Amino acid sequence: MVDTDRITGAAKEIGGKVQGAVGDLTGSKRDSVEGRAREAQGAAENLYGQAKDTVRDAADTVADTARDIGGKVRDAVGNLVGSHDVEDRGRRVQGKAEAEYDRAERAVRHGAREAYDYAEDTYENGSRAVRQGGREVTHQVAEHPIAALLVAGLLGYGLGLLIHGRD
């Protein structure tokens with residue numbers, strides 16, 4: 001099951017790429033910057049969804065394994081018929097195994113909740129930083145359009161040299 005954050009994140013990332021490319025083609029610095037910010041936000045949201053999926057899968061795997069072990073212990077105890085002492089010991093072992101399973105499942109679910117909360121906080125902080133950075137860049141470009149144009153030109157020239165070399 002894919003987390004919805006992965007889907008919306010991928011959509012935002014693609015939308016941001018398109019908006020950034022349109023801004024580059026039309027010369028709209030605002031669209032270009034907003035598009036890059038939306039692309040980064042979408043990538044972060046997609047990663048957040050992937051983290052949630054990973055934690056959920058790990059918790060399910062541990063829970064399934066613990067259930068399998070409990071079932072095997074239960075079957076082994078059920079097969080030991082004939083001696084009351086063996087049956088009593090088997091029941092005690094089964095009870096301990098079930099208690100350990102419950103404890104392990106609670107621990108995994110607690111860890112998963114903490115990881116989820118941490119990932120959610122990180123995503124929100126990252127989104128806030130991207131939005132604030134986008135606003136700041138937009139403000140600086142609006143306030144100093146000539147300087148922004150020169151910086152963009154120099155960056156483009158530098159990237160061109162890096163990509164194509166100095167032939």
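Described in the following lines is the structure provided in the data block.

Conventions we followed
- Note on numbering: residues in each chain are counted from 1, in written sequence order.
- For a predicted model such as this one, the threshold for reporting local features is a pLDDT of at least 70, and the threshold for listing and counting side-chain atom pairs is 80 or more; totals across whole chains, interfaces and linings nevertheless cover every residue.
- The side-chain numbers reported here are obtained from all heavy atoms of the structure, hydrogens and water having been left aside.
- Only DSSP runs of H or I with at least four residues qualify as helices, and only runs of E with at least two residues qualify as strands; both kinds are numbered from the N terminus onward.
- Only protein chains enter the accessibility calculation, which uses a 1.4 Å probe. A residue is then buried if its area is under 20% of the maximum for its type, exposed if over 50%, and partly exposed in between.
- The contact criterion used is simple: two residues touch if any of their non-hydrogen atoms lie within 4.5 Å.
- The method behind every accessible area is Shrake-Rupley, applied with a 1.4 Å probe, and residues are considered shielded solely by the protein chains displayed.
- Patches here: salt-bridge-free residues with over 30% relative accessible area, like charges joined within 9 Å, nonpolar side chains (Val, Leu, Ile, Met, Phe, Trp, Tyr) joined within 5 Å.
- Salt-bridge detection follows one rule: a side-chain nitrogen of Lys or Arg within 4 Å of a carboxyl oxygen of Asp or Glu.
- A helix is expected to span 1.5 Å multiplied by its residue count minus one.

## Describing the overall build of the chain
For step 1, the next point in the chain: Scanning the chain for helices and strands turns up 4 helices and 0 strands.
For step 2, the next point in the chain: Shown N-terminal to C-terminal, the secondary structure of the chain runs as helices and strands in the order α-α-α-α.
For step 3, the next point in the chain: Residues classed as buried in the chain amount to 22% of the 167 residues present.
For step 4, the next point in the chain: Long-range pairs, those at least 24 residues apart, make up 68% of the contacts in the chain between residues at least 6 apart in sequence.
For step 5, the next point in the chain: Summed over its atoms, the accessible surface of the chain is roughly 11,600 Å², and 60% of this surface lies on carbon and sulfur atoms.

## Looking at a nonpolar patch on the surface
For step 1, the next point in the chain: A cluster of nonpolar side chains, I14, V18 and V22, forms an exposed patch at the surface whose accessible area comes to about 260 Å².
For step 2, the next point in the chain: Position of V22 among the secondary structure elements: in helix α1 (residues 4-26).
For step 3, the next point in the chain: Judged by relative accessible area, which is 39%, V22 ranks as partly exposed.

## A look at α1
Helical geometry: 3.6 residues make up each α-helical turn, so side chains three or four residues apart lie on a common side.
For step 1, the next point in the chain: With 23 residues, α1 extends 33 Å from end C-alpha to end C-alpha; this agrees with the ideal 33 Å at 1.5 Å per step.
For step 2, the next point in the chain: Taken from the residues just after α1, G27 is the one with a positive phi, measuring 85°.

## Observations regarding the environment of A119
For step 1, the next point in the chain: With respect to the helices and strands, A119 occurs in helix α3 (residues 84-143).
For step 2, the next point in the chain: The contact partners of A119, leaving out residues within four places of it in the chain, are Y48 and A51.

## Quick notes on the side chain of S32
For step 1, the next point in the chain: Secondary-structure assignment places S32 in helix α2 (residues 29-79).
For step 2, the next point in the chain: Here S32 falls in the buried class, since its relative accessible area comes to 11%.
For step 3, the next point in the chain: Apart from residues no more than four positions distant in its own chain, S32 is found in contact with Q19, G20, G23 and D24.

## Comments concerning the pattern of salt bridges
For step 1, the next point in the chain: For the structure shown, the criterion picks out 4 salt bridges.
For step 2, the next point in the chain: In this structure, the salt-bridge partner of E45 is K12, at a minimum N-O distance of 2.9 Å. Of this pair, E45 sits in helix α2 while K12 sits in helix α1, and the two are 33 residues apart along the sequence.
For step 3, the next point in the chain: Residue E45 is classed as buried on the basis of its relative accessible area, which comes to 5%.
For step 4, the next point in the chain: Under the relative-accessibility criterion, K12 is labelled partly exposed at 31%.
For step 5, the next point in the chain: Between R36 and D24 there is a salt bridge, with its nearest N and O atoms 2.5 Å apart.

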